[in-house]
Amino acid sequence: ERTAVAVQWDALADEGWRLGLIEADTLSDPAPPTRLQWTHHGGSDARNELSVQSLRLERVLPWLALSDALSPKVAGLLHESSPSGALRQFSFVQSAAGARALSGEFADVGMKSAGKLPPLQGLAGRLRGDQSATSIELDALRTDFAFPGVLRAPVPMTVAPMLIAVLPVDNGTQVAIERIDI
């Protein structure tokens, strides 16, 4: 299997730099599965900006499992579950002062059954956040819930749209779900 990668690096006037990356089967692909740009602004207003036009998770996340940034257990789960789906129009900005903002869309996100986790498929929605909280808006989902070793056959189910908030607290992170309607 072959993959084509194009990388562009530019120095910026403010002691910063910009790194652009396109990854596809061929560089002539009009809609490459991965197109992102990382910009670092230096100087007194130092900040980092990550802009993702498109990112196919199954093409990138297996490489993340090889990183030292993840615990061996999480890396193993990431490798076994083979995550898939797309991240689009994603933006993340972090300033040296600690302010941050993120937004983006995800579509058709899923994973295979791994360990004690059931398979997941077809998640779509939006992500927005800042240093105070992150909200995840999940679109309605119609799927088959399969739990090998627990359920004899997949159970068809519909999940209503859902809002999930992720909030930093003194000793960790709090996850709040508005309601679950299955």
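Rules used throughout
Residues numbered from 1 in each chain as written. Predicted model: local features only at pLDDT ≥ 70, side-chain atom pairs only at ≥ 80, totals over all residues. Heavy atoms only, no water. Helix = DSSP H or I, 4+ residues; strand = E, 2+ residues; numbered from the N terminus. Buried < 20%, exposed > 50% of the residue type's maximum accessible area, 1.4 Å probe, protein only. Contact = heavy atoms within 4.5 Å. Lys, Arg positive; Asp, Glu negative; His and termini not counted. Charge placed at Lys NZ, Arg CZ, Asp CG, Glu CD. Core = buried A, V, L, I, M, F, W, Y, C linked by side-chain atoms within 4.5 Å. Pairing = 2+ DSSP bridges. Axes fitted to C-alpha atoms, helices over the stretch in contact; angles between N-to-C directions. Phe/Tyr/Trp six-rings, centres within 6.5 Å; stacked < 30°, edge-to-face > 60°.

A. Up close: the overall build of the chain. From N to C terminus, the chain includes 2 helices and 12 strands. Along the chain direction, N to C, the helices and strands of the chain fall in the order β-β-β-β-α-α-β-β-β-β-β-β-β-β. Residues classed as buried in the chain amount to 27% of the 182 residues present. A sequence separation of at least 24 residues applies to 37% of the contacts in the chain between residues at least 6 apart. Separation between the mean location of the 16 positive side-chain charges and that of the 21 negative ones in the chain comes to 6 Å.

B. Examining the nonpolar core more closely. Judged by nonpolar contacts, the single largest core of 19 residues is most densely connected at Phe-90, Phe-106, Leu-123 and Leu-138. For this core, the secondary-structure elements that each account for two or more residues are β4 (47–56), α1 (57–64), β5 (84–95), β6 (100–111), β7 (120–130), β10 (155–159) and β11 (162–169). Top element by residues in this core is β6. It accounts for 3 residues. In this structure Leu-138 touches Phe-106, Leu-123, Ala-124, Gly-125, Pro-161, Met-162 and Ile-164, once residues within four positions along its chain are discounted.

C. Fine view of the sheet that holds strand β8 (residues 134–138). What the 10 strands build is an open sheet, ordered β1-β2-β3-β4-β5-β6-β7-β8-β11-β12; its pairing is antiparallel. Lying at the two open borders of the sheet, with one neighbouring strand each, are β1 (4–11) and β12 (172–177). Strand-to-strand twist of the sheet, defined as the mean angle between neighbouring strand axes without regard to direction, takes the value 10°. Here β1 runs beside strand β2 (residues 17–24); their pairing, made up of 8 bridges, is antiparallel. Note on β2: the bridge partner recorded for Val-7 is Leu-21. Contacts from α1 reach β2, β3 (34–41), β4, β5 and β6 within the one sheet, and its direction differs from that of β4 by about 125°.

D. The arrangement of the packing of aromatic side chains in detail. In the structure shown here, the tally under the stated rule is 1 aromatic pair. Pairing Trp-17 with Trp-38 gives two aromatic rings, centres 5.0 Å apart and planes at 75°, and the pair type is edge-to-face. With a gap of 21 residues between them, Trp-17 in strand β2 and Trp-38 in strand β3 connect regions that are remote in the sequence. You can call Trp-17 partly exposed: its relative accessible area is 24%. Judged by its relative accessible area of 38%, Trp-38 falls in the partly exposed class.

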